Amino acid sequence: MTALRFSGPVLPDGEVADLYVVDGHVTYEPQPGAETAAEGWIVPGLVDAHCHIGLDDHGPVTDAEAEEQAIADRDGGALLIRDCGSALDTAWMHEREDLPRLIRAGRHVARTRRYIRGYAHEVEPQDLAARVAEEARRGDGWVKLVGDWIDRETGDLAPSFDPPSFAAAIAAAHEQGAKVTAHCFGHDVLAGLLDAGIDCIEHGTGLTPELVERMVAAGTALVPTVMQLDKFPEHARGGAARFPAYAATMTDLHVRRRDTLMGAFEAGVPLYAGSDGGGVARHGNLVGEVVALAALGLPAHDALGAASWRARDWLGWNATLEEGAPADFVVTGADPLADLSTLFAPRAVVLRGRVVAGVR
């Protein structure tokens, strides 16, 4: 295979270098005859830590549609995806070198009739731990719980399961070597999940300073999906007639979202970027989430790191493009730390050493 040459500042440090790609890996040893592929700022492959390949509004899609979703994410720069719950078995994507690297969390596990129809395995408390253990065996090291959802009897957000059931489920996943994350909009579910040693929280709009302190102490991650939170007013309006308490809760969570999430970031909770692509959110817009994190108040370096080098390290991949690292990166025409929007139109997207997208 012909060696490829890329030149420019290599993030996160920004040291200017000639980076060569040989046999799918990075080297800084000059390669005679290398073809110059792109010049610009070189960013370690972007990470979408909350994405749903294989879902649309109504549940699982076909394999062909899932492939289109994965390509849209890839072309948007997401080269490593933690698929945060899907009703479609996408294990076959591991064999496709042209598709993003995928870390599957199996299918969501929810309470019966307490989540989006067609999305989850729906179980009662006595069956939760066994179902979670099964998803841990089927996935790639993660399991996704639905921590809370609207309870139509109370008319408001409520935990999907009681704390002992959550604790047994999380222990079952950990025994299988899997980590656990949970969808959490509200406040009431969080303490029990943290007591049980959950590894990550999705959304996290119900966090309080005391809960944040516990996350920092335990190293619990947070994927806030900032773009998704902008849908809270829509959720509130949709439920206002039948569930006024729910509407009030969602409105309050939305109003306080910036203070809540920035409080977590400033306290030291590790935040990562997730587009929530799939279902109601479109695929291929991870960069939109990076921009949204910056608009929330994160410095550009932290917002980009949450979708690149820090996220890669968190998920067990090379954080930086050191000698011998897999050649997964994005090349931009301008400094993304000065203008994150330059990530929307990369000059090159390089996956497994191949230029798979970009405007060049």
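Computed from a predicted model, the values in this text were never measured in an experiment.

Cut-offs used in this document
Residues numbered from 1 in each chain as written. Predicted model: local features only at pLDDT ≥ 70, side-chain atom pairs only at ≥ 80, totals over all residues. Heavy atoms only, no water. Axes fitted to C-alpha atoms, helices over the stretch in contact; angles between N-to-C directions. Helix = DSSP H or I, 4+ residues; strand = E, 2+ residues; numbered from the N terminus. Parallel < 35°, antiparallel > 145°, perpendicular 65-115°, else oblique. Left-handed = near helix turned anticlockwise from the far one by under 90°. Contact = heavy atoms within 4.5 Å. Nonpolar A, V, L, I, M, F, W, Y, C, P; charged D, E, K, R; others polar. Core = buried A, V, L, I, M, F, W, Y, C linked by side-chain atoms within 4.5 Å. Buried < 20%, exposed > 50% of the residue type's maximum accessible area, 1.4 Å probe, protein only. Pairing = 2+ DSSP bridges. Salt bridge = Lys/Arg side-chain N within 4 Å of Asp/Glu carboxyl O.

Caption draft 1: Seen up close, the packing of helix 2 (residues 125-138) against helix 3 (residues 163-175). Contact geometry of helix 2 with helix 3 gives a least axis separation of 8 Å together with a crossing angle of 20°. Classified by the angle their axes make, helix 2 and helix 3 are roughly parallel. The two elements helix 2 and helix 3 cross, and the hand of that crossing is right-handed. The segment helix 2 lies against helix 3, with P125, L128, A129, V132, A133 and A136 engaging S165, F166, A168, A169, A172 and A173. Per-class residue counts for the contact of helix 2 with helix 3 are 11 nonpolar, 1 polar and no charged.

Caption draft 2: Summary view of the nonpolar core. Within the largest apolar cluster, 84 residues are counted, with the highest numbers of intra-cluster contacts made by L128, L145, L193 and L222. Looking at this core element by element, the count peaks at 6 residues for helix 10 (residues 286-296).

Caption draft 3: Here's a closer look at the sheet that holds strand 9 (residues 78-83). Judged by pairing direction, the sheet is parallel, and its 3 strands sit side by side in the order 6-9-10 without closing on themselves. Two strands in the sheet have a free side with no partner beyond their single neighbour: strand 6 (46-51) and strand 10 (101-104). Taken over all neighbouring pairs, the strand axes of this sheet differ in orientation by 15° on average, direction set aside. Strand direction decides the pairing type here: strand 9 and strand 10, joined by 4 bridges, are parallel. The residue bridging D83 from the neighbouring strand is R104, located in strand 10.

Caption draft 4: Spotlight on the pattern of salt bridges. All told, the structure shown has 16 salt bridges when counted by the stated rule. Note that D89 and R104 form a salt bridge whose closest N and O atoms lie 3.7 Å from each other. Here D89, found in the loop between strand 9 and strand 10, pairs with R104, found in strand 10; they are 15 residues apart in sequence, far enough to count as distant. When its relative accessible area of 9% is taken as the criterion, R104 is described as buried. E97 is the partner of R354 in a salt bridge, and the nearest nitrogen-oxygen pair spans 3.5 Å. Taken together, the residues span a long stretch of sequence, with R354 in strand 21 (residues 354-357) and E97 in the loop between strand 9 and strand 10 at a distance of 257 residues. R354 gets classed as partly exposed once you look at its relative accessible area, which sits at 42%. By relative accessible area, which is 46% here, E97 ends up partly exposed. Connected via shared salt-bridge partners are E67, R96 and D98.

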